[in-house]
Structures are given as structure tokens and as C-alpha cells.
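Spelled out, the chains give:
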Amino acid sequence: MDDMNQSDIITVQNENDDYFEDEEIQKIMVGTSSIIGHRKMQQDTIFGQFDENGGIGIVCDGMGGLEGGEKASALAARTLAEDYFNSVPISNVPAFFRREGQKIDGIVSRLTDERGNDMDAGTTMVAAIIQDDILHFLSIGDSRIFFIRNDAIQPLNELHNYRLTMDRMMKEGSMSMAEYKKKGKQAEALISFLGMGDMALMDIKTIQLKDQDRILLCSDGLYRALSEDVILEVLNYHKFDMQMAAQALTDEASRRSKRGQDNTSVVLIQYNNLSF
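Within every chain, residues take consecutive numbers counted from 1 along the sequence as written. Totals for whole chains, interfaces and linings use every residue, but because this is a predicted model, local features are given only for residues with pLDDT of at least 70 and side-chain atom pairs only at 80 or more, for both listing and counting. Processing note: side-chain calculations cover all non-hydrogen atoms of the structure and skip hydrogens and water entirely.

Novice: Describe the pattern of salt bridges, with residues and values.
Specialist: Any Lys or Arg side-chain nitrogen located within 4 Å of an Asp or Glu carboxyl oxygen qualifies as a salt bridge. Considering all chains together, one arrives at 11 salt bridges under this definition. In this structure, E67 engages K71 in a salt bridge whose closest nitrogen and oxygen atoms are separated by 3.8 Å. E67 sits in the partly exposed class, given a relative accessible area of 36%. For every residue, the accessible area obtained with a 1.4 Å probe (protein chains only) is divided by the maximum for its type, and the residue is called buried under 20%, exposed over 50%, and partly exposed between those limits. Among the residues examined, K71 registers a relative accessible area of 14% and is labelled buried. The salt bridge partner of R224 is D142, with a shortest N-O separation of 3.5 Å. Of the two residues, R224 sits in the loop between α6 (220–223) and α7 (228–237) while D142 sits in the loop between β6 (134–140) and β7 (144–149), which places them 82 residues apart along the sequence. The structure contains a network of salt bridges with shared partners spanning D142, E188, D220 and R224. Secondary structure counts use DSSP, requiring at least four H or I residues in a row for a helix and at least two E residues in a row for a strand, with both numbered from the N terminus.

Structure, rendered in C-alpha cells:
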């Protein structure tokens, strides 16, 4: 793989980009899109590369002052992508994801600036690996993975923010409703991200894919701007073109934003079962 610059937004699509000219359905179709929104810097990094044997999609949303978030997200995405391509075929993808999460957490936590000072940077990560007809995914932080099957959409991962802790405490009876409401402003604070140095919370799961299943990886700029119903409406309007659908999602997020739009990035994947 070519070296990834710190601010690169990677948009690698199918190796067969002439799909619509040949009208040949590919086993895995992918589209990517990323916009800076109204922010001064692009701190998202995305990557998507698939062929008939499978592949990997990644969305990272960086955080940190100045260039910290930009460097963190690019480093995390590059490390995972390079390790994936150096390891395929992978016999145990969940174990691979777990090792990578711990490895990248340490690498990002040691990021320094030009003077050698700690950058205190971090990044979220959602990643999807498809092998044969199996989806494996990794989630760290508050980026999202949506799963679309039979025109229904559902999130696959939990958001690793303080609201998750608050909800658990409410369920256990260790937090009152009054306390819950009082701490509402803290609910969006992340409790897990790459760069903590001791990150332990990550979601790793596996799903059997069916024909025309779609997987949407996105940063929070998308799902904070668009409801699930709107996301599904946009996806269904561009049902047979993943690249157009990905671009339409970021365009719609920008159009509907009532305040400064955050960096917004998506990797959209469709699996087609060509065995029948």
C-alpha cells in the first residue's frame, strides 16, 4: 500500500469500477464519501477496498487540538488497513480485530508533535471485514455501523459514551432519574477511544450475510444530522449505486444541518450473493 499522508481521505472503490457500463453485478460493491462540513480541519479518515474475495472498510473520527485528531485518525486507519492486507487470509478475524484495537490504541496514545510533546489525540473507529459471506465488525467510540436488510435499518454497535454508563447505572438502580437528568450534559463524553492508552471497551461481532445486505459505516456527523428514516430513504433512492448513495448521504447531511456541520464520512458496502 502507498503511504498515507496525515490528512488523506482514502476513497478506494471496487477494482471493477465499470460496473454500470458492463451491467455486471459485483459480489461486493462499495461507495465512499467525506466532507469537511463547517469545520476548519478534516479529522475523519476513511478507507474501503473490496474484490470478489472480500475486503475491508474503515471510518475513523479523530479528536484533539490543532492537527492531533487528523493525525490520530489517519494513523489508525493506515495501521489497520496495512495490517489487514499483510495478514489475509485471516483465520480468526475477531481475534485479529482485538489485537489491532489494542495495538493501535498504544500507537495513537504515543503520538507527539514536532517538539516531542504528547498530542493527547484520539480517534474513534468502525471497521468491517467481509470474508466469503461473513461480516465481521469492530467498533470503538461513537461512530456508527448501520445494517440494512429488506428495507429495514438498524444500528449494530453501541455508542461508547457516558450515556452507556448512565443507562447501566439506571438499570442497576445505582442512579436516580434526577441524577440521570442532571448529568445529561456529560452523556456524550467518550468512555472508549483509540489513544486512551488503556482502552478496553470495543464491540466485535460477526453476522451471516444475505443477498443485497448493506453495511453503512459513518462518523457521528452523519447520524447527528440525519435520522435513520432519512438515511434509509436516501439509500433506497440510490439502491443500485453505492457511490452515488454515499455521496447523497453526505450531501443531505450538509443540506439539512441547522448549525455548523461536523466532518461527515461514510463507507457504504453492499454484499451480493452470486451463487444462485
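Novice: Which residues make up the nonpolar core, and what values do they have?
Specialist: Buried Ala, Val, Leu, Ile, Met, Phe, Trp, Tyr and Cys residues that are joined via side-chain atoms within 4.5 Å together make up what is termed a nonpolar core. By size, the foremost hydrophobic cluster in this structure holds 29 residues, and its most contacted members are I58, L80, F97, M125 and L138. Of all the secondary-structure elements, those providing two or more residues to this core are β3 (54–63), α2 (68–85), α3 (93–109), β5 (125–131) and β6. Element by element, the count of residues in this core is highest for α2, at seven residues. Whether two residues are in contact is decided by their heavy atoms, any of which lying within 4.5 Å being enough. Residues contacting L80, with those up to four places away along its chain left out, are I56, I58, F96, F97, E100, I104, M125 and A127. In this structure, I153, L159, L232 and A253 belong to the second largest nonpolar core, which totals 23 residues.

Novice: Explain the packing of α7 against helix α8 (residues 242–256) to me, using residue names and the numbers behind them.
Specialist: Helix axes are fitted to C-alpha atoms over the stretch in contact, other axes to C-alpha atoms as well, and angles between N-to-C directions run from 0 to 180 degrees. Where α7 meets α8, the axes come as close as 9 Å, and the angle between the chain directions of the two elements is 140°. With respect to α8, the element α7 is oriented oblique. Crossing of α7 against α8: the hand is right-handed. Mapping the contact onto sequence places V230, I231, V234 and L235 in α7 and A245, A248, L249, E252 and R256 in α8. Tallied by class, residues from the contact of α7 with α8 come to seven nonpolar, no polar and two charged. Any angle that falls under 35 degrees is termed roughly parallel, while one over 145 is termed roughly antiparallel, one within 65 to 115 roughly perpendicular, and all others oblique. In a left-handed crossing the near helix is turned counterclockwise from the far helix by less than a right angle, and in a right-handed crossing that turn is clockwise. Under the scheme applied, nonpolar residues are Ala, Val, Leu, Ile, Met, Phe, Trp, Tyr, Cys and Pro; charged residues are Asp, Glu, Lys and Arg; polar residues are all the others, including Gly.

Novice: Please provide a residue-by-residue account of the packing of aromatic side chains, values included.
Specialist: Under the pairing criterion, centres of Phe, Tyr and Trp rings, with the six-membered ring standing for Trp, must be within 6.5 Å; the plane angle then separates stacked pairs below 30 degrees from edge-to-face pairs above 60, leaving the rest tilted. Scanning the model with the defined rule gives three aromatic pairs in all. With a centroid separation of 6.1 Å and an interplanar angle of 75°, the aromatic rings of F47 and F85 are classed as edge-to-face. Taken as a pair, F47 in strand β2 (residues 44–51) and F85 in helix α2 lie far apart in primary sequence, 38 residues in all. Take F47: its relative accessible area is 4%, and that puts it in the buried class. Accessibility expressed as a relative area gives 29% for F85, which makes it partly exposed. Plain terms: the ring middles of F96 and F97 are 6.1 Å apart, the flat faces sit at 40° to each other, and that makes the pair tilted. Exposure remark for F97: the relative accessible area of 0% places this residue in the buried category. Following the ring pairs from residue to residue traces out a cluster consisting of F47, Y84 and F85.

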